[in-house]
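Observations on the three-dimensional arrangement
Next come the chains, spelled out residue by residue.
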Amino acid sequence: MDFLIMNWLGTPVWFWLSFIGLVVILTAFDLGVLHKEDREMGISESLKLSAFYIGIALVFGLWVWVQKGAESGMQYYTGFFIEKALSIDNVFVISLIFTYFAIPRKYQYRALLWGIIAVIILRGVMIAAGAAIVQEYYWVLYIFAAFLIATGFKMLFSGDQEMDVAKNPVVKFISKHMRVTKELHDQHFFVNVPDEKTGKMVRAATPLFLALVIINLADLVFAIDSVPAIFAITTDTFIVYTSNIMAILGLRALYFALAAMVHRFQYLKYALALVLVFIGAKIFVSDFLMQGDKFPPVISLAVTFALILGGIFYSLWKTRGAAETG
């Protein structure tokens with residue numbers, strides 16, 4: 001059992017196994033117990049389930065705080081809050097994708113769940129690669145920081161651009177090179193249908209599968225912002241990965257509440273832009289103005305939390321009285 005206390009990517013193996021076990025249990029409970037049957041989730045249930053996931057994430061952060069120290073705990077919470085806030089933009093895009101493919105709400109949750117499982121794997125690959133690069137070439141952090149600052153300013157001064165799913169090259173490629181049914185087949189991603197020419201039964205993808213693919217590709221695009229943001233907070237691979245995944249795990253639960261009121265958060269993007277600028281700038285401040293001293297984690301957490309919370313409350317205040325969308 002000595003391997004359990006061995007370090008892997010700077011953290012004992014039993015830490016990793018404990019986290020992976022928690023993710024597996026939550027996912028199995030969600031898919032096999034809470035949503036064994038496809039059904040539409042209401043806003044109230046969405047908020048309650050989301051609160052449960054956020055509670056689990058916060059308690060896990062306390063465990064990190066106790067086991068790895070206060071600095072690691074604050075870094076985890078900072079990364080978690082950033083990723084959670086950035087996920088609101090994901091909700092808007094996911095909503096557009098489901099609308100384009102005419103996916104009923106009762107099938108959306110299952111698609112989101114399998115999408116999250118794919119994201120857990122893809123984010124793991126991206127974070128592992130990023131950690132290896134940063135450990136070998138520290139100067140890459142400056143590229144991350146500059147990218148975050150540039151992205152933040154772009155978000156501040158660019159207008160809203162709606163995603164056009166119909167023009168997505170992946171949708172065109174899959175539609176051209178795979179058999180895709182014109183209609184949904186309940187919760188199935190693939191079904192057997194008769195070939196139009198031979199009449200023989202052949203395997204074909206459904207619009208639900210196309211929606212799942214586009215959702216995962218959209219997440220990869222968002223990860224280009226969120227992963228460098230957390231690496232700018234800490235290079236501890238365990239903190240980067242767990243804060244990322246704990247925020248994503250609750251996204252599918254929060255989706256149904258946010259999708260109905262995403263128009264209420266239209267000013268949050270400006271707060272997120274300032275967060276990205278702040279996180280990127282503190283790398284340069286720490287290394288060049290503070291002569292390599294670490295930027296105080298408590299200040300980083302406080303500023304991040306204040307900006308996000310301010311953006312949420314300002315958005316809700318400015319859009320008060322606005323009608324909810326379906």
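How each quantity is defined
Residues numbered from 1 in each chain as written. Predicted model: local features only at pLDDT ≥ 70, side-chain atom pairs only at ≥ 80, totals over all residues. Heavy atoms only, no water. Pairing = 2+ DSSP bridges. Helix = DSSP H or I, 4+ residues; strand = E, 2+ residues; numbered from the N terminus. 1 Å grid on protein atoms, 1.4 Å probe; cavity = no way out; pocket = protein on both sides within 12 Å on 5 of 7 lines; lining within 4 Å. Points joined across faces, edges and corners; volume = space filled by probe spheres on them. Nonpolar A, V, L, I, M, F, W, Y, C, P; charged D, E, K, R; others polar. Phe/Tyr/Trp six-rings, centres within 6.5 Å; stacked < 30°, edge-to-face > 60°. Buried < 20%, exposed > 50% of the residue type's maximum accessible area, 1.4 Å probe, protein only. Patch = residues over 30% accessible without salt bridge, like charges linked within 9 Å, V, L, I, M, F, W, Y side chains within 5 Å. Areas by Shrake-Rupley, 256 points an atom, 1.4 Å probe, with all protein chains shown as cover. Salt bridge = Lys/Arg side-chain N within 4 Å of Asp/Glu carboxyl O. Axes fitted to C-alpha atoms, helices over the stretch in contact; angles between N-to-C directions. Parallel < 35°, antiparallel > 145°, perpendicular 65-115°, else oblique. Left-handed = near helix turned anticlockwise from the far one by under 90°. Contact = heavy atoms within 4.5 Å. Core = buried A, V, L, I, M, F, W, Y, C linked by side-chain atoms within 4.5 Å.

1. Describing the pairing of strand β4 (residues 201-205)
Side-chain direction in a regular strand flips from residue to residue, so the side chains alternate between the two faces of the sheet. The pairing of strand β3 (residues 190-194) with β4 spans five bridges and is antiparallel. From the neighbouring strand, P194 faces β4, where its bridge partner is M201. Between β3 and β4, which pair antiparallel in sequence order, lie six residues; one of them, G199, sits at a positive phi of approximately 85°.

2. Overview of the layout of surface pockets
Quantified by volume, the second largest pocket comes out at close to 510 Å³. As for the second largest pocket, its lining consists of 20 residues, and the residues nearest its centre are I54, K84, I88, L254 and I312. For the lining of the second largest pocket, a count of residues per class yields 18 nonpolar, one polar and one charged.

3. A few points about the packing of aromatic side chains
Summed over the entire model, instances satisfying the criterion amount to 31 aromatic pairs. Plain terms: the ring middles of Y77 and F81 are 6.4 Å apart, the flat faces sit at 25° to each other, and that makes the pair stacked. Placement of the pair is Y77 and F81 together in helix α3 (residues 70-100), with a separation of four residues, close to one helical turn. Given the relative accessible area of 9%, Y77 is considered buried.

4. Quick look at empty space enclosed by the protein
In the structure shown here, the tally under the stated rule is two cavities of 30 Å³ or more. Taken as a whole, the largest cavity encloses approximately 100 Å³ of empty space. In this structure, the largest cavity is lined by 13 residues; those nearest its centre are I94, V119, I215, D219 and L251. For the lining of the largest cavity, the elements supplying multiple residues, two or more each, are α3, α4 (105-136) and α7 (207-231). Looking at the lining of the largest cavity element by element, the count peaks at five residues for α7. For the lining of the largest cavity, the per-class residue count stands at nine nonpolar, three polar and one charged.

5. Regarding a nonpolar patch on the surface
Taken together, I133, Y137, W139 and I143 make up a surface patch of nonpolar side chains, about 430 Å² in accessible area. Its location among the elements puts I143 in helix α5 (residues 140-157). What makes I143 partly exposed here is its relative accessible area of 48%.

6. Comments concerning the pattern of salt bridges
Overall, the coordinates contain two salt bridges when judged by the stated rule. With a shortest N-O distance of 3.4 Å, D236 and K68 are connected by a salt bridge. Here D236 is found in the loop between α7 and α8 (237-249), whereas its partner K68 is found in helix α2 (residues 43-68), with 168 residues between them in sequence. On the basis of relative accessibility, which here comes to 19%, the residue D236 falls in the buried class. As a salt-bridge pair, R123 and E83 come within 3.5 Å of each other at their nearest N and O atoms. Residue R123 is located in helix α4, and its partner E83 is located in helix α3; the two are separated by 40 residues in the primary sequence. E83 shares its class with R123; the two are buried.

7. Observations concerning the packing of α3 against α8
One way to put it is that α3 packs onto α8 with a least axis distance of 8 Å and a crossing angle of 40°. Taken together, α3 and α8 sit at an angle that is classed as oblique. In terms of crossing hand, the pair formed by α3 and α8 is right-handed. Between α3 and α8, the contacting residues are S72, Q75, Y76, G79, F80, E83 and K84 on the first element and I239, T242, S243, N244, M246, A247 and I248 on the second.

8. Considerations on the nonpolar core
Counting residues in hydrophobic clusters, the biggest one holds 92 residues, and the most contacted among them are Y76, F98, F101 and L249. For this core, the leading source of residues is α7, giving 14 residues. Those residues in contact with L249, other than ones at most four positions away along the chain, are V23, L26, T27, Y53, I116 and I120.

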